[in-house]
Amino acid sequence: MTTPPSPSGPGAVAIAASGLSRRFGTTAAVDGLDLSVGRGEIYGFLGPNGVGKSTTVRMFCTLLAPSAGTAMVAGHDVAREPDAVRSRIGAALQEVALDPKQTGTELLRLQGRLYGFTRPEIADRLREIADLVDIGDALDRPIQTYSGGMKRRLDLAAALVYNPDVLFLDEPTTGLDPVSRRRVWEEVRRLNQQLGMTIFLTTQYLEEADTLADRVGIIDAGRLVAEGAPADLKRSVGQDVIIVRLDGDAASAVDAVGRVPGVTTVERRHDELFVSVENGAATIGPVAVALAGTEVALRDLTLRTPTLDDVFLELTGSRIQNGDSRTDESDSPVDATDLTATPTHPTTTRSEKMEAVR
Amino acid sequence: MITAVRPRPTGFFHDTATIAGRALRAVPKDLSAVVPPVLIAVFFFVVNVATLKGLTEGSISGFDYTAFQMPTAILLGVTGVSRAPAVVLDVQDGYLDRLLLTPVRRLSILVGHMVADVVVAACLTVPILLVGFILGVRFAAGPLGVLVFIVMAAAWSLAFAAFGYAIALKTGNPAAVQSSFLLFFPFLFLTSSYVPREQLTPWLQRVAAWNPVTYILDGLRSLALTGRQGRELATAALAIGIVATLSMAMCFRALAGRVKQA
């Protein structure tokens, strides 16, 4: 799903916010947020720490009242019908919300009781959940003995004691090792594909949003600054770039590379050529072949594709960076070998890009 | 295969019983919260009787100091015993948010803990009563008097515990909850804990007259010493009610503040 859901379709919209704001004193944590998430969609809410992601989730989950604006979740107003919302959502918040003295089984049973299930139903559900989130034998141990990854998975399991219409995951993989992170991703995909569950996922990990989300909303200073399919967002900030490092007569290399189909521009900087192409993966081979026919010695050939970080940089002037607080571009030296960094040749203005992705 | 299960509406009693069940299951995992108060109460019961029995019974004709001292020991054991520290941990661990994400009635979260407290307090009175029986105390009011005694002690425990819940919900700070213990001393010691009111110095008699625990002790003592005395029991119930009205008002106001989506 790469296009915004039609709000007019019956039941098509799982989450809708209009002018949603939340102030803490004079600080606007969320400032006039408008968004719409379709049923069955995985929506990635991307931004660095402290820009309003968790505050937004807490408002959607009825834990925090909006200061202004409205939000509907699963067809119910979060401020006026919080009980109805709570009976249709599950949530794994940024910090795991567990009782360390209970066992996993005790915690999940209690959740089941609070949702009105009978003992046999809870027993059946526990078996399913244990399989779904791959927590297995650990369920009968006190939670305080769990690793961070296991706590995350149990927290997710607690959110899935019933099949919620909408699942909120607030930075579900923060602090996890890469293996645990990938397992959570698999679980999120499985929930979405097997149960058709709408998933609202906040993250500061670019790869996570890129990999999981059907659509991504980029938030900065409490405002949505861009929204769209990850591929569309990345396309909006520029083309793929093949970077050629060479020894020898660069002029002949420029001519040879410039004749390769798909190459739009070739720019020479010292001993490097920056080759802008429409499709980097398809063009890098022909570029290499073209260079082999010249008298230059090829030292290095690198493909850079725009990332969601580039999108964020274009829109806000700062980088998200992987998993850490946002960093100003001036403080963010870029590794020349990093395939996931460096904005390339911006060809449109910021307002034009906004128009393109909306 | 994943079963499609949907939430069902539950009632207040269901929610309250569920929360109370969790609180009670937590008690054996946290015995340090309940065992020391009982041991301290039994210790002082035995030591006080050993210290003052001869002195008091020698100077007051027909006085049963062991029966007189037992309600003091009971109140010492049950006052301040509550799950309020566990509520603070729920706030700190984020588990309160987990509960608030469910359709559970907000009131049930608090009342469930209080129900558990009443059960625990009633249970804690039993070993102290047994020590009393071993030391020769007999209830003039009979077995029903023993039951009333336990109920009144548990009711007082709950009334006092509500101060702890109010602080727990208001602050989410365990150190602040511990500070509710400061109320313990004036309540339990500026009164007729160790000798009859008439034996207190005049200034302490005046203070004790304003202390609700004085009347609770009178009511409890009447059950052991003189049989069921309607006036004493009614006054004791009123004293518990006054304290409970104040503490519960603070407590429910703190709950409303905690869950109002502030």
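The preceding data block contains the structure.
J.: How should the packing of aromatic side chains be read in this particular structure?
T.: The geometry of an aromatic ring pair is captured by two quantities: the separation of the ring centres and the angle between the planes. All names here are of chain A. A complete count under the given rule lists 22 aromatic pairs over all chains for this structure. Ring centres 4.6 Å apart and planes at 45 degrees place the aromatic pair Y115 and Y162 in the tilted group. In this pair, Y115 is assigned in the loop between α3 (104-114) and α4 (119-132) and Y162 in the loop between α5 (148-159) and β7 (166-170), connecting sequence segments 47 residues apart. Through successive ring pairs, a cluster of aromatic residues spans Y43, F45, F60, F168 and F200. Sitting over the face of the ring of Y205, R181 holds its NZ or CZ atom 3.9 Å from the ring centroid. The ring of F274 has R269 sitting right over it, with the charged end atom 4.2 Å from the ring centre.

J.: Would you explain the environment of A166 of chain B in this entry?
T.: Residues and elements named next belong to chain B. By the element assignment, A166 lies in helix α7 (residues 142-171). In this structure, the C-alpha to C-alpha distance between A166 and R253, residues 87 residues apart in sequence, is 7.7 Å. Discounting residues that sit within four places of it in the chain, A166 has contacts with M250, C251 and A254.

J.: Looking at this structure, I do not really get helix α1 (residues 12-26) of chain B. What am I missing?
T.: Think of an α-helix as turning once every 3.6 residues; residues three or four places apart then point the same way. Taking 1.5 Å as the rise per residue, α1 of chain B with 15 residues should run 21 Å; its terminal C-alpha atoms sit 21 Å apart, in good agreement. Listing the buried residues of α1 of chain B in full gives D15, T16, T18, I19, A20, G21, R22, A23 and A26 of chain B. Check the buried side of α1 of chain B and you find it contacts α3 of chain A together with α4 (84-93), α5 (95-100) and α6 (106-134) of chain B.

J.: Help me understand the sheet that holds strand β9 (residues 215-220) of chain A in this model?
T.: All names here are of chain A. In spatial order, the strands read β6-β7-β8-β3-β9-β10; together these 6 strands make up an open sheet with mixed pairing. Edge strands, defined here as strands with exactly one partner in the open sheet, are β6 (89-92) and β10 (223-228). For this sheet the average axis-to-axis angle between neighbouring strands, irrespective of direction, equals 15 degrees. Pairing of β9 with β10 involves 5 bridges; the strand directions are antiparallel.

J.: Can you help me understand a nonpolar patch on the surface in this one?
T.: Residues I40, F43, F44 and V47 of chain B make up a contiguous nonpolar surface patch of about 350 Å² in total accessible area. On the basis of relative accessibility, which here comes to 35%, the residue F44 of chain B falls in the partly exposed class.

J.: Teacher, can you tell me more about the interface of chain A and chain B here?
T.: For an interface, size is often stated in terms of accessible area lost upon the parts coming together. With 46 residues of chain A in contact, the opposing surface of chain B contributes 30 residues. Approximately 3500 Å² of surface area, both sides summed, lies buried where chain A meets chain B, with 51% of it carried by carbon and sulfur atoms. In this structure, the connection of chain A to chain B is made through 6 salt bridges. For R58 of chain A, the salt bridge is made with D97 of chain B, and the minimal N-O distance between the two is 3.1 Å. Applying the counting criterion to the chain A and chain B interface returns 11 residue pairs in polar contact (both at pLDDT 80 or more). Counting only elements with at least two residues in the side of chain A that touches chain B, the list comes to α2 (82-86), β6, α3, α4, α5 and α6 (178-195) of chain A. For the side of chain A that touches chain B, the element with the most residues is α3 of chain A, which contributes 6 residues. Looking at side-chain class alone, the side of chain A that touches chain B contains 24 nonpolar, 9 polar and 13 charged residues.

J.: What is the right way to read the pattern of salt bridges from this model?
T.: Taken as a whole and judged by the stated rule, the model has 24 salt bridges over all chains. The shortest N-O distance in the salt bridge between R223 of chain A and D31 of chain A comes to 3.3 Å. Residue R223 of chain A is found in strand β10, and its partner D31 of chain A is found in strand β2 (residues 27-38); the two are separated by 192 residues along the sequence. One salt bridge in this structure joins R22 of chain B and D99 of chain A, with 2.8 Å as the shortest N-O distance. Of the two residues, R22 of chain B sits in helix α1 while D99 of chain A sits in the loop between β6 and α3, which places them in two different chains. Assigned by exposure class, R22 of chain B and D99 of chain A land together as buried. Three or more residues joined by partner-sharing salt bridges are found here, namely E41, R215 and E227 of chain A.

What counts, and at which threshold
Residues numbered from 1 in each chain as written. Chains lettered and ligands numbered in written order. Predicted model: local features only at pLDDT ≥ 70, side-chain atom pairs only at ≥ 80, totals over all residues. Heavy atoms only, no water. Phe/Tyr/Trp six-rings, centres within 6.5 Å; stacked < 30°, edge-to-face > 60°. Helix = DSSP H or I, 4+ residues; strand = E, 2+ residues; numbered from the N terminus. Lys NZ or Arg CZ within 6 Å of the ring centre and 35° of its normal. Contact = heavy atoms within 4.5 Å. Expected span 1.5 Å × (residues − 1). Buried < 20%, exposed > 50% of the residue type's maximum accessible area, 1.4 Å probe, protein only. Pairing = 2+ DSSP bridges. Axes fitted to C-alpha atoms, helices over the stretch in contact; angles between N-to-C directions. Patch = residues over 30% accessible without salt bridge, like charges linked within 9 Å, V, L, I, M, F, W, Y side chains within 5 Å. Areas by Shrake-Rupley, 256 points an atom, 1.4 Å probe, with all protein chains shown as cover. Salt bridge = Lys/Arg side-chain N within 4 Å of Asp/Glu carboxyl O. Buried area = accessible area lost by both parts, 1.4 Å probe. Polar contact = N/O pair within 3.5 Å; in protein donor to acceptor, adjacent residues only side chain to side chain. Nonpolar A, V, L, I, M, F, W, Y, C, P; charged D, E, K, R; others polar.

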